[in-house]
Amino acid sequence: PDTTGVRYLRQGSWAPRLCRIVSLGRTPLTELEANAVIQALEDEWPSGGYRFMTRNCCHFSQEMCRRLKVGPIPDKVLRLDLYASSEVVDIVKDGKELM
């Protein structure tokens, strides 16, 4: 069984060199509704489903914001995967993205 790719982290703990915080607004959902969204995403985003260019943290964030009815995520954040294009070449060469 695959485990979830969703992790609960404090702001800035995963990327300590955070450039800036972007406010996406407040969700109109209740705390219970927001927790239900996160629990559903845990099931729908298993760690084994990660794909560098097509199903990564940017895509997850975009989906989470859509369901929480906030956002949108700025385009330059959604394109972070393209900025790492040299890494993509190595991943594809190693066959990791071709699974």
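Residues numbered from 1 in each chain as written. Predicted model: local features only at pLDDT ≥ 70, side-chain atom pairs only at ≥ 80, totals over all residues. Heavy atoms only, no water.

Observations regarding helix H1 (residues 31-44)
Side chains of residues three or four places apart in an α-helix project in the same direction, reflecting 3.6 residues per turn.
Move 1: Spanning 14 residues, H1 covers 20 Å between terminal C-alpha atoms, matching the ideal 20 Å at 1.5 Å per step.
Move 2: Of the residues making up H1, those classed as buried are Ala34, Val37, Ile38 and Leu41. Seen end-on, H1 carries its buried residues on one side only, within an arc spanning 95°. Summarising the geometry of H1, the exposed residues directed more than 90 degrees from the buried face are Leu32, Gln39 and Asp43.
Move 3: Contacts from the buried residues of H1 go to helix H2 (57-68). (Helix = DSSP H or I, 4+ residues; strand = E, 2+ residues; numbered from the N terminus. Expected span 1.5 Å × (residues − 1). Buried < 20%, exposed > 50% of the residue type's maximum accessible area, 1.4 Å probe, protein only. Arc of directions from axis to C-beta. Contact = heavy atoms within 4.5 Å.)

Some remarks on the environment of leucine 78
Move 1: Residue position: leucine 78 is located in helix H3 (residues 75-78).
Move 2: Residue class for leucine 78 comes out buried when judged on its relative accessible area of 10%.
Move 3: It is 5.4 Å that separates the C-alpha atoms of leucine 78 and cysteine 58, two residues lying 20 residues apart in sequence.
Move 4: Those residues in contact with leucine 78 that lie beyond four places of it in its chain are Cys58, Gln62 and Ile73.

Here we look at the pattern of salt bridges
Move 1: The tally for this structure, following the rule as stated, stands at three salt bridges.
Move 2: The residue glutamate 44 makes a salt bridge to arginine 67 at a minimum N-O spacing of 2.4 Å. Remark: arginine 67 occurs in helix H2 and glutamate 44 occurs in helix H1; sequence separation between them is 23 residues.
Move 3: Arginine 67 gets classed as partly exposed once you look at its relative accessible area, which sits at 22%.
Move 4: A salt bridge links glutamate 63 to arginine 66; the nearest nitrogen and oxygen atoms lie 2.6 Å apart. Here glutamate 63 and its partner arginine 66 are both found in helix H2, three residues apart, which amounts to about one turn of the helix.
Move 5: Among the charged side chains, a network of salt bridges with common partners joins Glu44, Glu63, Arg66 and Arg67. (Salt bridge = Lys/Arg side-chain N within 4 Å of Asp/Glu carboxyl O.)

Some points on the nonpolar core
Move 1: If you look at the biggest cluster of nonpolar residues, it comprises 13 residues, and the most contacted ones within it are Val37, Leu41, Trp45, Phe60 and Leu68.
Move 2: Listing elements by their share of this core, those giving two or more residues are H1 and H2.
Move 3: Counting residues per element, this core draws most heavily on H2, at four residues.
Move 4: Tryptophan 45 has contacts with Thr4, Gly5, Val6, Arg55, Asn56, His59, Phe60 and Glu63, leaving out every residue within four places of it along the chain. (Core = buried A, V, L, I, M, F, W, Y, C linked by side-chain atoms within 4.5 Å.)

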